[in-house]
Amino acid sequence: MARLGVNIDHVATLRNARGGVEPDPVAAAAIAELAGADQITIHLREDRRHIQDRDLKILRQTVKTRLNLEMAATDEMVAIALAVKPECCTLVPEKRAELTTEGGLDVRIHQEALKVAIEKLQAGGIIVSLFIDPDPDQIKAANKIGTDYIEIHTGSFSDAPTWKEENLELIKIENAVKLARKLDIGVNAGHGLNYTNVKKVAAIGGIEEFNIGHSIMSRAILVGLDRAVRDMSELVRYA
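Residues numbered from 1 in each chain as written. Predicted model: local features only at pLDDT ≥ 70, side-chain atom pairs only at ≥ 80, totals over all residues. Heavy atoms only, no water.

Asks: What's the story with the overall build of the protein chain in this structure? I'm lost.
Replies: Looking only at helices and strands, one finds 11 helices and eight strands in the protein chain. Scaling as 2.2 N^0.38, a compact globule of 239 residues should have a C-alpha radius of gyration of about 18 Å, and the protein chain matches this with 17 Å. Dimensions of the protein chain, computed from C-alpha atoms along their principal axes, come out at roughly 45 × 40 × 35 Å. Across the 239 residues that make up the protein chain, the buried fraction comes to 52%. For the protein chain, contacts bridging at least 24 residues in sequence account for 67% of all contacts bridging at least 6. Counting only carbon and sulfur atoms, one obtains 52% of the accessible surface of the protein chain, whose full area is about 11200 Å². Across the protein chain, 30 positive and 35 negative side-chain charges occur, with their mean positions spaced 2 Å apart. (Helix = DSSP H or I, 4+ residues; strand = E, 2+ residues; numbered from the N terminus. Rg over C-alpha atoms; globule rule 2.2 N^0.38 Å. Buried < 20%, exposed > 50% of the residue type's maximum accessible area, 1.4 Å probe, protein only. Contact = heavy atoms within 4.5 Å. Areas by Shrake-Rupley, 256 points an atom, 1.4 Å probe, with all protein chains shown as cover. Lys, Arg positive; Asp, Glu negative; His and termini not counted. Charge placed at Lys NZ, Arg CZ, Asp CG, Glu CD.)

Asks: It is not clear to me how the packing of helix α2 (residues 25-34) against helix α3 (residues 53-62) should be interpreted in this structure. Could you clarify?
Replies: Each pair of packed helices gets described by two things: the angle between the helix axes and the distance between those axes. Contact geometry of α2 with α3 gives a least axis separation of 10 Å together with a crossing angle of 30 degrees. Compared by their axis directions, α2 and α3 come out roughly parallel. Handedness of the α2/α3 crossing: right-handed. Across from Pro25, Val26, Ala29 and Glu33 in α2, the residues of α3 making contact are Asp55, Ile58, Leu59 and Thr62. When its residues are assigned to classes, the contact of α2 with α3 shows five nonpolar, one polar and two charged. (Axes fitted to C-alpha atoms, helices over the stretch in contact; angles between N-to-C directions. Parallel < 35°, antiparallel > 145°, perpendicular 65-115°, else oblique. Left-handed = near helix turned anticlockwise from the far one by under 90°. Nonpolar A, V, L, I, M, F, W, Y, C, P; charged D, E, K, R; others polar.)

Asks: Got a minute to help me understand the pairing of strand β7 (residues 186-190) in this structure?
Replies: In summary, the side chains of a regular strand alternate between the two faces of the sheet. The buried fraction of β7 amounts to five of the five residues, a majority that puts the element mostly inside the structure. Here β7 shows two buried faces, one formed by Gly186, Asn188 and Gly190 and the other by Val187 and Ala189. Looking at chain direction, strand β6 (residues 149-153) and β7 are connected through five bridges and run parallel. Counted as the bridge partner of tyrosine 149 is glycine 186 from β7. As defined by bridge partners, β7 adjoins strand β8 (residues 209-212) across three bridges and the pair is classed as parallel. Of the residues in β8, the one forming a bridge with glycine 190 is asparagine 211. (Pairing = 2+ DSSP bridges.)

Asks: Honestly, a nonpolar patch on the surface in this entry has me stumped. Any pointers?
Replies: A contiguous nonpolar patch, built from Ile221, Leu222 and Val223 and spanning about 350 Å² of accessible area, is present on the exposed surface. Along the chain, the position of isoleucine 221 falls in helix α10 (residues 214-223). Note on isoleucine 221: relative accessible area 72%, which makes it exposed. (Patch = residues over 30% accessible without salt bridge, like charges linked within 9 Å, V, L, I, M, F, W, Y side chains within 5 Å. Salt bridge = Lys/Arg side-chain N within 4 Å of Asp/Glu carboxyl O.)

Asks: Would you take a moment to explain the packing of α10 against helix α11 (residues 225-237) for this structure?
Replies: Between α10 and α11, the least distance of the axes is 7 Å, while the angle of their chain directions is 135 degrees. By the angle class used here, α10 and α11 are oblique. α11 is crossed by α10, and the crossing has right-handed handedness. For the pair α10 and α11, the contacting residues are Ser215, Ile216, Met217, Arg219, Ala220 and Val223 in the first and Leu225, Arg227, Ala228, Val229, Asp231 and Met232 in the second.

Asks: What exactly am I supposed to notice about helix α1 (residues 9-18) here?
Replies: Here α1 has its buried residues at Asp9, Val11, Ala12 and Arg15. End-on view of α1: buried residues confined to an arc of 155 degrees, all on one side of the axis. Those residues of α1 that are exposed and aimed more than 90 degrees away from the buried face are Leu14, Ala17 and Arg18. Immediately downstream of α1, the backbone of glycine 19 shows phi near 70 degrees, a positive value. (Arc of directions from axis to C-beta.)

Asks: So what exactly am I meant to see when it comes to the sheet that holds strand β5 (residues 127-132) here?
Replies: Strand order around the closed barrel formed by eight strands is β1-β2-β3-β4-β5-β6-β7-β8, with parallel pairing between neighbours. On average, each strand axis in the sheet is tilted by 25 degrees relative to the strand beside it, whichever way the strands run. Two elements, strand β2 (residues 39-43) and strand β3 (residues 67-71), share four bridges in a ladder whose sense is parallel. Note that in β3 the partner of threonine 41 across the bridge is asparagine 68.

Asks: Please explain the state of the cysteines as it appears in this structure.
Replies: Disulfide: a covalent bond formed between the sulfur atoms of two cysteine residues. The full count for this structure, using the stated rule, is zero disulfides. Looking at the unpaired cysteine 88, the closest cysteine sulfur is the one in cysteine 89, lying at 6.6 Å. Residue cysteine 88 is classed as buried on the basis of its relative accessible area of 3%. (Disulfide = S-S within 2.5 Å.)

Shown next as C-alpha cells:
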C-alpha cells in the first residue's frame, strides 16, 4: 500500500495571514499523524512565505512518523537540512513570484548543482527525492546524478481540461513510474491531486508515496482535519 504524506504549508499560510500564532502547523501535524498520515511534508521557501524556521525545528522534535522537507537546492537550504536532519529532502524548483510550485526541476540543465546538493544531503544520512515532470529524459538525468527517489509532478494531469488530455497525462505518469522502477529509483507523486482524481494515479501501482496538501486542507475546513486525512488515506491505500 502507498503511504500518505500530508503537506501542512497551508496551515502556516493561514496563520501568517493575521500575523498571529493560530492555527498552529505543529498541532496540525500531530492531528494528521493521529489520523493516519505516514509523513508530514513542509516546504521551507527562501522567502519564508508560510513555514518558518521555528516551525521546522519544532516539527523535527515532535513529528513521530517521517518529516519530508521540500526545499530549493541552495547552499542555505542544504545547510539548514543538514542541521535539522529530516528523514527526507525533496528538491524542488522555486520562483518568488509563483503561487505554488509550477513544474518539475530541469535536472538536465542543473545536473552539476543538484549532484552536489544530493551528495551533501546523502552524506548527512538524508534520503533525497527530486520533484520532476513525468519526462523520461528528466528521469534518466535524475538517475545519473544519484537521487534516491523522484516525485512525479502530477500538476498537468490534475489540471487537464478534458478527459482525453487527462488520460494522456496519466499514460505519461504510468510510463514514468515504469522507467524509474526499471532504473531502481523510488517513486513518489504529488501536486494538484484531490479526492476525485487521486485514485486514478494510485491505481497505476509502483508509487510508494503521495504528498498532498491543498485538497486535504480545503476539505478540512468543511469536515475537520482528522476526517480529511482519513478519507484521503483510504483513497491512496486502497485504490
